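# Observations on chain architecture
This is what each chain is made of:
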Amino acid sequence: MIFSSGGGYTLKGMRTTAPLEELPSSIADALDRGLAVITANQRTARTLRNAFDRRNRETGLDSWQTAAILPWETWVTRLWNQLLVRGKVSELLLNSAQEHALWLGIITADSNLPPSLRSFDSLAEMAAAAWRLLGQHDALDRLRQNWGTPETKAFQRWAREFERQCQANRYLSRAVLENNLRGTIEEKLLPAASIALAGFDEMLPAQNELIAAISAAGGAVEILDLSIEPGQRLLVETSDEAEEIAAAARWIRNLLIQNPQARVGVIAASLQDRRDEIDRRFREILAPELEDIQNANRLAPYEFSVGVPLAQTAMVRTALDLLSWCISPLPSERVSALLVSPLFAMSEAEQSNRAAFDASELRRAKLLRPQVSLPWLADLLARSPYRLKLQTLNRAIVSMRHSSLPSTEELRSYAAWADFVRTWLQTAGWGRSAGEDSVEYQTRRKWESTLDVLATLDIYGRQVNFLQMLAALDRLLQQTIFAPESHQAPVQVVGPLEAAGSTFDALWFMGAGDLNWPIKSAVNPLLPWPLQRELGLPGANPTAEDARARKITARLAASAQQVIFSYPKAMADGTQRPSPLLRSLHLQKIELASLAPPDIEAEPVALEEFSDRLPIAPLPELASSGGVEIVKLQAACAFRAFAEKRLGSSELRKIELGLDARELGSVLHHILEHFWKQVGSQAALKLMSKEEREASLSLSIGYGLQKAAKARTSWERAYIDLQRKRLMKLLDQWLELEMRRAPFVVRESEATMRDVQVGPLRLNLRVDRVDVTDEGEVILDYKTGGAKAAHWEGKRPDEPQLPLYAVVTRAAQPDTPLVDIAFAQIRAGNEMAFESFAQKITAKKPVQKKRELSFEEQLDEWQRVLEDLAHAFYSGNTEVDPKNYPETCKHCTQRILCRLNPAAFDEDLDEETPAGSGNG
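Residues numbered from 1 in each chain as written. Predicted model: local features only at pLDDT ≥ 70, side-chain atom pairs only at ≥ 80, totals over all residues. Heavy atoms only, no water.

## Side note on the nonpolar core
If you look at the biggest cluster of nonpolar residues, it comprises 108 residues, and the most contacted ones within it are Phe155 and Trp447. In terms of residue count, the dominant contributor to this core is helix 5 (residues 120–136) (eight residues). Every residue in contact with Trp447, bar those within four places of it in the chain, is listed here: Leu310, Val316, Ala319, Leu323, Val421, Leu425, Trp430, Leu473 and Leu477. Counting 37 residues, the second largest nonpolar core, distinct from the first, contains Val628, Leu763, Ala787 and Phe873. (Core = buried A, V, L, I, M, F, W, Y, C linked by side-chain atoms within 4.5 Å. Buried < 20%, exposed > 50% of the residue type's maximum accessible area, 1.4 Å probe, protein only. Helix = DSSP H or I, 4+ residues; strand = E, 2+ residues; numbered from the N terminus. Contact = heavy atoms within 4.5 Å.)

This is how it looks when you write it as structure tokens:
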């Protein structure tokens, strides 16, 4: 039966737990006969145990023994540990971390390491994998053969040393576990077991040898068939990967609406690569209510079998940052993330103040370093006005700062370091103080078990420093895969191997094209190629690889009554066809539209017209904060001025290394203010010798940089010295240009004009500089960026500062003649210039400008323009009307509010895009 769309529905409110899954009769029968069921993977064992428990509850049992259902790895490990406890064997089975440490020590000590082999850590992983492959294929004796390449010869040396150390210390590698268990069965040290195998696509040679030994010793070995009688098997083609995922989600939604008890499997050929996109589309189509971030993810009607590295979880990332912080500064962005994290000394009452402290204190601090240390942040918090509102944070930081911190040379055992890690995180207030959810609880348990594994590295009796311990811990966390406990969602998204032994009512296999399936296996570079081909190792023997993939494909096709294979026609690597592995399945090709038709578009809703005539609240009866910036933003776009200066909408400031452009501009203002207060006039400047001028300028530069930031470290001092040299060269050139002007006396620098009237607005202004010449006064505005006199023109000037200063000054001082305004463009190279209304002075020669209006007439025109802009802002004009779309909007942070078309900011945008074309 093909499920078709009914349209206009949602899964919101649908139950999100799977129906009671029946225990397969073959499994139930094997358990009733006393056989232990051994599965190919953890997921199958967990699923079957859950089904066993449900069956017992349904039959009314109050208690029962845990089902003897174990994955192969757990089963053989338990067998060896039982022998060890009974004293039948003495070798200690190494865990993966211990094996890696042993390989790493051997490789690090190899003085004959080939130059082509570099990373010790990666080499240890490859060596362990090569050793495991040889053990699984009963080929460890092949190490005694003559191998040709430097890489394979190096592995032979390491393997001999690894084997020697294991024998000397009575260690047992996991690669030879099956072989050793076979020996104990043959020696009758271990009683023959009665087992049933479920979900194995194929048995490795070492596994087959162990099974044969169990049978020869009188044990019972059965292979259970979990396949389902084939029903409908379909093949569907989609245009691309996005359509494939969306089609699968629509089909699942339709199926669950018609049959809420259905158990659905989704198999993705490369699940790890496609997980995020599948999650996004499934959430959008299967669970749109979860787009609300307040709803818990565990309520989703689907779940993934594959987890993520434990190191990538929020709790563990926070823990690792706190651990790194105890011995060295952290990058400022990571400190910022810690400050707003609910997993670091957070109380609910402090949440908003923590964010405000981060935004207004840390992000606005003049950082001359790429990192933030604990003492530096403690000092910042102690001086902050937020310190009384952040007592929980302050206590944690003070406690961390005064804890007994390790030195980089201090050596301890791994177990001692694990104890330190627990103590340090407790001191830092790691984790939620209250209300820890289920996933966070499971994450914490996994973290604790990883610390226990870390402590097992003491088996070798080595002591390490803190950084070595942290590297080992980070590696364990990267290799430990974390997935929250299953909530038995009706839709299970799994990989092809994880699905072994699982059955469903319906199954969709995504990525069944010839470019995706079968997945190509990688070969191990430390093993000889002829040997890999001979043994049929993954990726080396095409015939063996093809047979392996065919078994997996056939098993998937027999794991549900209705099975759909799909493939995207268009891929990044080219166009593809169905995988050749599908030919033997005799699939029925079907059109996508009949299987998962597109959603019916909702009928448009008639817009309701209403009159919004509520007046905007008047401005308070005091000078508006923002000064000339209000007028500048109003000229650029009325909506932006309203959003930023009336609503207070602003972008979170990014933390930058060193002084950003705004801070460097402020430094230059302080320098020139200090310089002209000492010198006073052009005449005094000309009388100074070059040495005197440089000395005075150096003093002023020191003053400006001291106000900007304090240098504590050698890096900061080097940065300040670099800025000092740059400013000295730049400003020395600028003073040369100042001496080319007509004579002047500096009357004011950085003068404040408070509560001045501009139309209906009352503003506070700061004028960079006022010079007095023989003809009258000239107002200057320092610019380190690009600026032109043309920016004063029009009804919406780009740079209205100087016109505004001029209009206000004329009104305040009617008896003092104002004759000019000028940009002081202090920029390196040919752009350095003194550009006024009347002239432009550069290093080459002065140029007089021809103007249609006199300066007095231009002042009258500017007054009209500025008063119109002031009236527009005062009246609450919120029109989205950028002056030059999209150029005006490129650096505006209000686009999320005004919703102008974001495509217009693409660098390849056609110049004819109409202004104001919106997307919502």
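## Focus on the side chain of Asn465
Position of Asn465 among the secondary structure elements: in the loop between helix 17 (438–455) and helix 18 (466–479). Judged by relative accessible area, which is 17%, Asn465 ranks as buried. With near-sequence residues (within four places) excluded, Asn465 lies in contact with Thr408, Glu410, Leu411 and Trp417.

## With respect to the environment of Leu70
Looking at where Leu70 falls in the secondary structure, it is placed in strand 2 (residues 69–71). Leu70 gets classed as buried once you look at its relative accessible area, which sits at 15%. It is 20 Å that separates the C-alpha atoms of Leu70 and Leu94, two residues lying 24 residues apart in sequence. Setting aside chain neighbours within four positions, we find Leu70 in contact with Val37, Ile38, Thr39, Ala45, Arg49, Trp75 and Arg78.

## Some points on the pattern of salt bridges
Within the structure shown, the criterion is met by 56 salt bridges. Note that Arg422 is salt-bridged to Asp419, the shortest N-O span being 3.8 Å. Taken as a pair, Arg422 and Asp419 lie in helix 16 (residues 414–428) at a separation of three residues, close to a single helical turn. Note that Glu436 and Arg444 form a salt bridge whose closest N and O atoms lie 3.0 Å from each other. Exposure remark for Glu436: the relative accessible area of 30% places this residue in the partly exposed category. (Salt bridge = Lys/Arg side-chain N within 4 Å of Asp/Glu carboxyl O.)

## Considerations on the pairing of strand 1 (residues 36–39)
Of the two faces of strand 1, the one lined by Ala36 and Ile38 and the one lined by Val37 and Thr39 are each fully buried. Bridge analysis of strand 1 against strand 5 (residues 194–198) gives four bridges, and the strand direction is parallel. Paired with Ala36 across the bridge in strand 5 is Ile195. Here three bridges tie strand 1 to strand 2, and the two strands are oriented parallel to one another. Bridge pairing in strand 2 links Ile38 to Leu70. In this fold, the crossover linking strand 1 to strand 2 by way of helix 2 (residues 42–58) has right-handed handedness. (Pairing = 2+ DSSP bridges. Right-handed = clockwise from strand over helix to strand, strands pointing away.)

## Details of the sheet that holds strand 14 (residues 491–494)
Backbone hydrogen bonds hold the strands of a sheet together, and the pairing may be parallel or antiparallel. Strand order in the open sheet formed by seven strands is 9-14-8-15-16-7-19, and the pairing between neighbours is parallel. Of all the strands in the sheet, just strand 9 (302–304) and strand 19 (588–589) have a single pairing partner and so form its edges.

## Thoughts on unusual backbone geometry
As a rule of thumb, non-glycine residues mostly have phi less than zero, and peptide bonds are mostly trans rather than cis. Here the residue pair Trp517 and Pro518 is connected by a cis peptide bond, since its omega of 5° sits within 30 degrees of zero. Position of Pro518 among the secondary structure elements: in the loop between strand 15 (504–510) and helix 19 (529–535). Residue Pro886 is reached from Tyr885 by a cis peptide bond, and omega for that bond is 0°. Within the secondary structure layout, Pro886 lies in the loop between helix 29 (855–874) and helix 30 (895–898). For Asp138, which is not a glycine, the phi torsion comes out positive at approximately 50°. Topologically, Asp138 is positioned in the loop between helix 5 and helix 6 (150–169). One non-glycine residue, His586, lies in positive phi territory at about 55°. You can see His586 is positioned in the loop between strand 18 (574–575) and strand 19. Overall, the relative accessible area of 69% leaves His586 in the exposed class.

## A closer look at the packing of helix 11 (residues 314–325) against helix 18
Relative to each other, helix 11 and helix 18 sit at 170°, their axes nearing to 11 Å. The angle between helix 11 and helix 18 falls in the class roughly antiparallel. Side by side, helix 11 and helix 18 meet where Val316, Leu320, Leu323 and Ser324 of the first sit next to Phe466, Leu470, Leu473, Asp474 and Leu477 of the second. Residue composition of the contact of helix 11 with helix 18, by class: seven nonpolar, one polar and one charged. (Axes fitted to C-alpha atoms, helices over the stretch in contact; angles between N-to-C directions. Parallel < 35°, antiparallel > 145°, perpendicular 65-115°, else oblique. Nonpolar A, V, L, I, M, F, W, Y, C, P; charged D, E, K, R; others polar.)

## Let's talk about the sheet that holds strand 1
An order of 2-1-5-6 is seen for the four strands of this open sheet, with the pairing classed as parallel. The sheet is open, and its two edges are formed by strand 2 and strand 6 (220–224), each paired on a single side. Pairs of neighbouring strands in the sheet enclose a mean axial angle of 25°, with direction left out of account.

## Details of the confidence of the model for the protein
Within the protein, residue pLDDT values average 87, and 92% of them lie at 70 or more. This model gives residues 1–20 a pLDDT under 50, and the stretch forms 52 contacts once residues within four places in sequence are excluded. Across residues 907–920, where pLDDT falls below 50, the model places 19 contacts with residues more than four positions away in sequence or in other chains. (pLDDT = per-residue confidence, 0-100.)

## Some details on the packing of aromatic side chains
Each aromatic ring pair is characterised by the separation of its centres together with the angle its planes make. By the definition in use, this model includes 26 aromatic pairs. Their ring planes at 55° and their centres at 5.4 Å tell us that Trp251 and Trp508 sit as a pair that is tilted. In this pair, Trp251 is assigned in helix 9 (residues 241–258) and Trp508 in strand 15, connecting sequence segments 257 residues apart. Assigned by exposure class, Trp251 and Trp508 land together as buried. For the ring pair Phe855 and Trp862, a centre distance of 6.4 Å and an interplane angle of 85° mean the geometry is edge-to-face. The class for Phe855 is buried, based on a relative accessible area of 11%. One aromatic cluster in this structure is built from Trp103, Trp131, Trp147, Phe155 and Phe162. (Phe/Tyr/Trp six-rings, centres within 6.5 Å; stacked < 30°, edge-to-face > 60°.)

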